[in-house]
Amino acid sequence: MDEKEYGVHITHCCYIHGCKYGNKDCPVVCGKVVQRYLCWDCEESEEIPYTLEEIEKLRKNKSYRPTYKQLLEKYYNLKGEK
């Protein structure tokens, strides 16, 4: 991907929730660049809040990104439901 195309990814994609454009080489998801804002999923997810600082720590440590299933499991464990 050309660096000129990074702008839309930096402002819309998320290291946690993935590329909003479905690009497998998204610079945010690959950890090449820092996302500028929380994505829609981060902002709307009151049950599983993420901050830009937490996301940046994951990116710097090259930590795994939780899958959607893992996020749901975390949510239900917090709520005590199944």
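Residues numbered from 1 in each chain as written. Predicted model: local features only at pLDDT ≥ 70, side-chain atom pairs only at ≥ 80, totals over all residues. Heavy atoms only, no water.

Asker: Quick one: what's the story with the overall build of the protein, residue by residue and with numbers?
Answerer: A count of helical and extended segments in the protein gives four helices and zero strands. Starting at the N terminus and walking to the C terminus, you meet the elements of the protein as α-α-α-α. Residue burial in the protein is summarised as follows: out of 82 residues, 33% are buried. The contacts of the protein with a sequence gap of at least 6 include a subset with a gap of at least 24, amounting to 43%. (Helix = DSSP H or I, 4+ residues; strand = E, 2+ residues; numbered from the N terminus. Buried < 20%, exposed > 50% of the residue type's maximum accessible area, 1.4 Å probe, protein only. Contact = heavy atoms within 4.5 Å.)

Asker: Kindly report on the pattern of salt bridges, identifying the contributing residues and their values.
Answerer: For the structure shown, the criterion picks out two salt bridges. Residue Arg 59 is joined to Glu 56 by a salt bridge in which the shortest nitrogen-to-oxygen separation is 2.8 Å. Of the two residues, Arg 59 and Glu 56 both sit in helix 3 (residues 52-60), three residues apart, roughly one turn of that helix. One exposure class covers both Arg 59 and Glu 56, and it is buried. (Salt bridge = Lys/Arg side-chain N within 4 Å of Asp/Glu carboxyl O.)

Asker: I'd like a description of a negative patch on the surface, backed by residues and values.
Answerer: Among the surface-exposed residues, Asp 2, Glu 3, Glu 5 and Asp 25 lie close enough to one another that they form a single negatively charged patch. Within the secondary structure, Asp 25 sits in the loop between helix 1 (6-12) and helix 2 (40-44). (Patch = residues over 30% accessible without salt bridge, like charges linked within 9 Å, V, L, I, M, F, W, Y side chains within 5 Å. Areas by Shrake-Rupley, 256 points an atom, 1.4 Å probe, with all protein chains shown as cover. Lys, Arg positive; Asp, Glu negative; His and termini not counted. Charge placed at Lys NZ, Arg CZ, Asp CG, Glu CD.)

Asker: Report on the environment of Leu 52, specifying residues and quantitative values.
Answerer: By secondary structure assignment, the location of Leu 52 is in helix 3. Between the alpha carbons of Leu 52 and Arg 36 there is a distance of 8.0 Å; along the sequence they are 16 residues apart. Leu 52 has contacts with Gln 35, Arg 36, Tyr 37 and Leu 38, leaving out every residue within four places of it along the chain.

Asker: If you had to explain the confidence of the model for the protein to someone new, which residues and values would you point to?
Answerer: When pLDDT is averaged along the protein, the result is 81; 83% of the residues meet or exceed 70. Of all secondary-structure elements in the protein, the lowest mean pLDDT belongs to helix 4 (residues 68-79), at 74, while helix 1 reaches the highest, 92. (pLDDT = per-residue confidence, 0-100.)

Asker: I'd like to hear about the environment of Val 29, residue by residue, with values.
Answerer: With respect to the helices and strands, Val 29 occurs in the loop between helix 1 and helix 2. With a relative accessible area of 17%, Val 29 lands in the buried category. Linking Val 29 and Ile 16, residues 13 residues apart in sequence, is a C-alpha distance of 7.6 Å.

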